[in-house]
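The chain contents come next:
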Amino acid sequence: MPEGDVISAIHHMMHRHIMQYHRKHKQPMQAHLVLYPRAFTIGTKEKSYVTCTAKRQGYNEALEPCPEDFTVNKWDMQKAEGDERRWKKRKDKAKYEGRSYAYLLKPLSSGELIVNARGKELFIACGYHGVRIHLGLEATILPLPRDVYDQIVATDIPGPNDDKKKAEQMRSFPIPSEFYVPNSQDSNDRSINIFAAFVSEENAFVVVDFARLVRLHVISLARQWLPDDVHTNSPMWTLLWDDAHGPDWVSERDSAIDRLTQWRSEVLERYKEKGPSVGAAGLVHILCNRQDVFNGFGQHLANDLLYKLAWWPGIPAWVVCQSDSLFAALQQELVTMAAEFRTKKYYKLVCGSVNDANPLVFHDISHIRYVGQYVLVYRKAVVHVPVDLYREYLYAGLLDENHTIGEPYDVPEDSEELKSLENCTKWTRAEVRQFAHGSHKFYSIIKAKRPADWTWQGVLTGQAGDEIDIRSPSRCYQTTLGISQFRTQVQNRVDIRKELAMTEVSRGGRPKINRTGKQGRPSISMPQAKRQRMDKGLQRDLAVLQHQQQNTASG
């Protein structure tokens, strides 16, 4: 699920395009909104899923009269009418009264393209309409050249659903074969699900989602949206965002800290009344689910944050909230981690665009840098732990399977872990273990036993091995983690195993330079030898770690 780091990258990407247009044309980028209800999901009989709602804040349809010769796409109209019928059958139907988006199914006026982000949500406006976007599980926003966008949306087909009736209702757009990359995923019928587009003269920013779980909410004004409307000090600020999501940990840091302090009081009050609650969730789960407090944090950032704090992911909230020092450490790490994904370094390393004629190409360099530098333990088998952090784990007994967290501990002088630090100046390797509590998976290098009154003890379900590491070639086409690993781009990821099957010896010489005629440095094809070294690096880490464990066992 896209988290705050990915939202920040998408926001940066759109802002970069907007600024490049402004420098080139000396005026703001103009765009108009297009909705594609034919791609919206219809849910099931048990659960009716709502993809899009709309709210008119003084908007009148006379502001944008529909041309007499315009005909609404039949699939779009059927979906809009069908959604209205389904909403009337819901138990919470009052919530959706007057929220139909049918009035948007016409050519809409252009206006200045405006974008902002808050935690896990984006808000994009142009003309009279602004759209709050929650990317759900696998949605993203792709920039496409206008001609490529026009080519893709010219034709739609039934979706891949096994139910033919549902496939007709939930449609997709076929991807022309000219956008397939050689030696990528085996598929001759690729398609893309486009839910909305912000269309300018030169580009279109399309909202795409393979899983069809994206959520859109349109706010239509009686005037065109202005840049000042989406700033944190705007009187409209609270109108833009979902009530279930709290303050942003960067742009609204003080409010976020106040909300965190309020949450602490709630936890301590509940603890005072009931004591340690049976079945109480671990902090890793709370970080993911309490978006009113921890907006922007999900499974990736929650696991990595707790690793940096050297805490067991299932630590109860009351343990942290009872301690001033632990609570202060949590607050500081929340602020620090959120800010890390708004830095120039982050944008430069992983948020660049590929200088390639194919806008759907997989961004190898971005993905390598992101997984290498901005994914610490989540879905990894081995991690390079900074020496100081490793010592913190070691001296707290967290790497000793016979120790119980929180009890006094002295490091044995003959400890293999202690000896392994003698020649380390920056980092050392550590095994990442995958644990589960029910259906919830989490990751840690901690081996120590958990106190008996901690509900989230965790069952070991995976440890150092190829099968759980996202860098493994066997996970080449898995989605989604980071800003590159979304379905449409991942399908174009080159599989090193296919390249090796075609030629056993890498051709020497300089790598191929892909000249596209665009501004900026031309992209360079990744040499096969470099792909092999990347895979060997993971295998080397695993082998060294296995050797260390064998020495520990024999000693």
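The preceding data block contains the structure.
Because the structure is a prediction, the values reported are computed rather than measured.

Visitor: Looking at this structure, how should I read the sheet that holds strand β16 (residues 433–437)?
Guide: Neighbouring strands of a sheet are bound in pairs by backbone hydrogen bonds; such pairs are parallel or else antiparallel. Across the sheet, which stays open at both edges, the three strands sit in the order β17-β16-β18 with antiparallel pairing between neighbours. Bordering the open sheet on either side are β17 (440–444) and β18 (459–462), each of which pairs with just one other strand. If you compare each strand with its neighbour and ignore which way they point, the axes differ by 40 degrees on average. As paired strands, β16 and β18 are joined by three bridges and run antiparallel to one another. By the bridge assignment, Gln 434 is partnered in β18 with Gly 462.

Visitor: Honestly, the environment of Val 361 in this entry has me stumped. Any pointers?
Guide: Note on placement: Val 361 falls in the loop between α11 (344–350) and α12 (364–374). On the accessibility criterion, Val 361 (19% relative accessible area) is buried. Residues Val 361 and Ser 484, 123 residues apart in the sequence, show an inter-C-alpha distance of 9.5 Å.

Visitor: What's the story with a nonpolar patch on the surface in this structure? I'm lost.
Guide: Together, Met 1, Leu 137 and Leu 213 line one region of the surface with nonpolar side chains, adding up to about 240 Å² of accessible area. With respect to the element layout, Met 1 can be found in the segment before α1 (4–25). Given the relative accessible area of 43%, Met 1 is considered partly exposed.

Visitor: Hey, could you run me through the environment of Gln 332 in this one?
Guide: Here Gln 332 lies in helix α10 (residues 324–340). The partly exposed category is assigned to Gln 332, whose relative accessible area is 49%.

Visitor: For this particular structure, what's the right way to read helix α2 (residues 74–88)?
Guide: In an α-helix, one turn spans 3.6 residues, which is why side chains three or four residues apart end up on the same side. A rise of 1.5 Å per residue sets the reference length of α2, with its 15 residues, at 21 Å; its end C-alpha atoms lie 22 Å apart and thus fit the reference within 8%. Close packing links the buried residues of α2 with β1 (30–35), β2 (52–57), α4 (164–169) and β9 (171–174). Capping of α2 at its N-terminal end is provided by Asn 73; its side-chain oxygen lies 2.8 Å from the backbone amide nitrogen of Trp 75.

Visitor: Please clarify how the side chain of Gln 291 should be interpreted in this entry.
Guide: Structurally, the position occupied by Gln 291 is in the loop between α7 (283–289) and α8 (299–309). By relative accessible area, Gln 291 is classed as buried at 8%. A polar atom in the side chain of Gln 291 sits 3.3 Å from the backbone oxygen of Phe 294. Only 2.8 Å separates the side chain of Gln 291 from the backbone oxygen of Phe 297, close enough to count as a polar contact. With near-sequence residues (within four places) excluded, Gln 291 lies in contact with Lys 120, Ala 244, His 245, Gly 246, Gly 296 and Phe 297.

Cut-off values and rules
Residues numbered from 1 in each chain as written. Predicted model: local features only at pLDDT ≥ 70, side-chain atom pairs only at ≥ 80, totals over all residues. Heavy atoms only, no water. Pairing = 2+ DSSP bridges. Helix = DSSP H or I, 4+ residues; strand = E, 2+ residues; numbered from the N terminus. Axes fitted to C-alpha atoms, helices over the stretch in contact; angles between N-to-C directions. Buried < 20%, exposed > 50% of the residue type's maximum accessible area, 1.4 Å probe, protein only. Patch = residues over 30% accessible without salt bridge, like charges linked within 9 Å, V, L, I, M, F, W, Y side chains within 5 Å. Areas by Shrake-Rupley, 256 points an atom, 1.4 Å probe, with all protein chains shown as cover. Salt bridge = Lys/Arg side-chain N within 4 Å of Asp/Glu carboxyl O. Expected span 1.5 Å × (residues − 1). Contact = heavy atoms within 4.5 Å. Polar contact = N/O pair within 3.5 Å; in protein donor to acceptor, adjacent residues only side chain to side chain.

Function cannot be read off these values alone, since they describe shape.
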